[in-house]
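# Report on the structure
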Amino acid sequence: MAMVGEEKTGGSRSNVLVIGATGRFGQELVKASLAAGHPTYALVRESTFSRADASLLLRSFSSSGVTLLKGSLQDFPSLLEALKQVDVVICAVPSSQVLEQKLLIRAIKQAGCIERFIPSEFGADPDKVQTLEMDHDFYKKKAEIRRCIEKEGIPHTYISCNFFQRYLLPSLIQPGLKTPPTDKVKIFGSGNVKAVFVKESDVAAFTICAIDDTRTLNKVLYLRPSGNVYSQNELTEIWEVKIGKKLEKIHVTEEQLLKSIHETPFPSNIDLFFIYSAFIKGDHTYFSIGSSSLDGSELYPHVRCTTVSECLDMLLERPSI
């Protein structure tokens, strides 16, 4: 929760609408919102209600106190109707749907009642990445949504958490592997550039902390918990200690990695691209957190994050390791 004196006027809990609530991260946002005592709503497409694989989840939402609203990002009237019932909107749709938030922005502007909008980002800061010419518009689309929000004067907070822990970390940054290596490991570039890995439930907790906090209004909230920021060399050393064995290091130069990215068709090269962005260019950590942005760990020290070391411990418990 926001600190006393920095919540919205009156200190009441905002009504929170989660769009993309049935996705993996969306579910974590719903849980965090409920845990913080917010009246929580989920926008659910009508077709989802009839899906057998979604019925159990929706029943779970309802029994937990979530209000289910029928609608979609393509249905303007349903968006307006949903927005009238809430104060905060958090969007957690996949990257392929990022530009579909434009209609939502239009609806938020027309509704005029939304006190905070958290758009679907939850990755590296699209205004800071240095690889826009090679990402197939992945970050360009997110930056475009930012500009739309700002042009309409919509109160917002951008959440920059960089990598979720379930991405790349379970393989120790080894493309094609699903578990960490036990014999040899590829080190990209110098191996000294640091990246950030945060568990989805922790990202959700930080996000919910920010929605009623006046300090985060129209700011970027960066998540860089101290136990979650590591270089590839450091990750390898941690893993070697845990398995009690030194790994053979295979060094991949920046030029070799770029060659692989360009020779591998999109989207099969996406993991290589994100490795280049994070571990060669340093897009997660090359810049300091400035006056227009905030450090989530400093604002909310009570949020207990799952560290990278703890995540690797959980991988060790898997039978295949």
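To start, this report covers the structure provided alongside it. (Residues numbered from 1 in each chain as written. Predicted model: local features only at pLDDT ≥ 70, side-chain atom pairs only at ≥ 80, totals over all residues. Heavy atoms only, no water.)

## Things to note about the pairing of strand β10 (residues 219–222)
Relative to β10, strand β6 (residues 157–160) runs parallel, the two sharing 4 bridges. Within β10, the position partnered with Ser 160 by the bridge is Tyr 222. When β10 meets strand β13 (residues 293–295), the two strands line up parallel, connected through 3 bridges. Paired with Val 220 across the strands is Ser 293, a residue of β13. (Pairing = 2+ DSSP bridges. Helix = DSSP H or I, 4+ residues; strand = E, 2+ residues; numbered from the N terminus.)

## Structural notes on helix α5 (residues 101–111)
All of the buried residues along α5 are Gln 101, Leu 104, Ile 105, Ala 107 and Ile 108. Relative to the axis of α5, the buried residues are bounded by an arc of 165° and lie together on one face. The secondary structure elements touched by the buried residues of α5 are β1 (16–19), α4 (76–83), β4 (88–91), β5 (116–118) and α6 (138–151). One or two residues past the end of α5 sits Gly 112, with phi positive at roughly 70°. (Buried < 20%, exposed > 50% of the residue type's maximum accessible area, 1.4 Å probe, protein only. Arc of directions from axis to C-beta. Contact = heavy atoms within 4.5 Å.)

## Examining the sheet that holds strand β7 (residues 163–164)
Ordered by their spatial adjacency, 3 strands build an open sheet running β7-β9-β11, and the pairing between neighbours is mixed. In this open sheet, the two strands that pair with only one neighbour each are β7 and β11 (229–231).

## Points about the packing of aromatic side chains
The final tally for this structure, using the stated rule, is 14 aromatic pairs. With 5.4 Å between their ring centres and 65° between their planes, Phe 163 and Tyr 167 make a pair best called edge-to-face. Judged by its relative accessible area of 25%, Tyr 167 falls in the partly exposed class. Aromatic pair Tyr 167 and Phe 274: ring centres 5.9 Å apart, planes at 90°, arrangement edge-to-face. Pair noted here: Tyr 167 is in the loop between β7 and β8 (184–188) and Phe 274 is in helix α10 (residues 270–280), with a separation of 107 residues, a long-range link. Judged by its relative accessible area of 9%, Phe 274 is buried. Its guanidinium or amino end placed over the ring of Phe 287, Lys 128 lies 5.1 Å from that ring's centre, counting from NZ or CZ. Stacked on the ring of Phe 287, the Lys or Arg Arg 224 has its end atom at 4.8 Å from the ring centre. (Phe/Tyr/Trp six-rings, centres within 6.5 Å; stacked < 30°, edge-to-face > 60°. Lys NZ or Arg CZ within 6 Å of the ring centre and 35° of its normal.)

The values reported here are purely geometric and, on their own, carry no functional implication.
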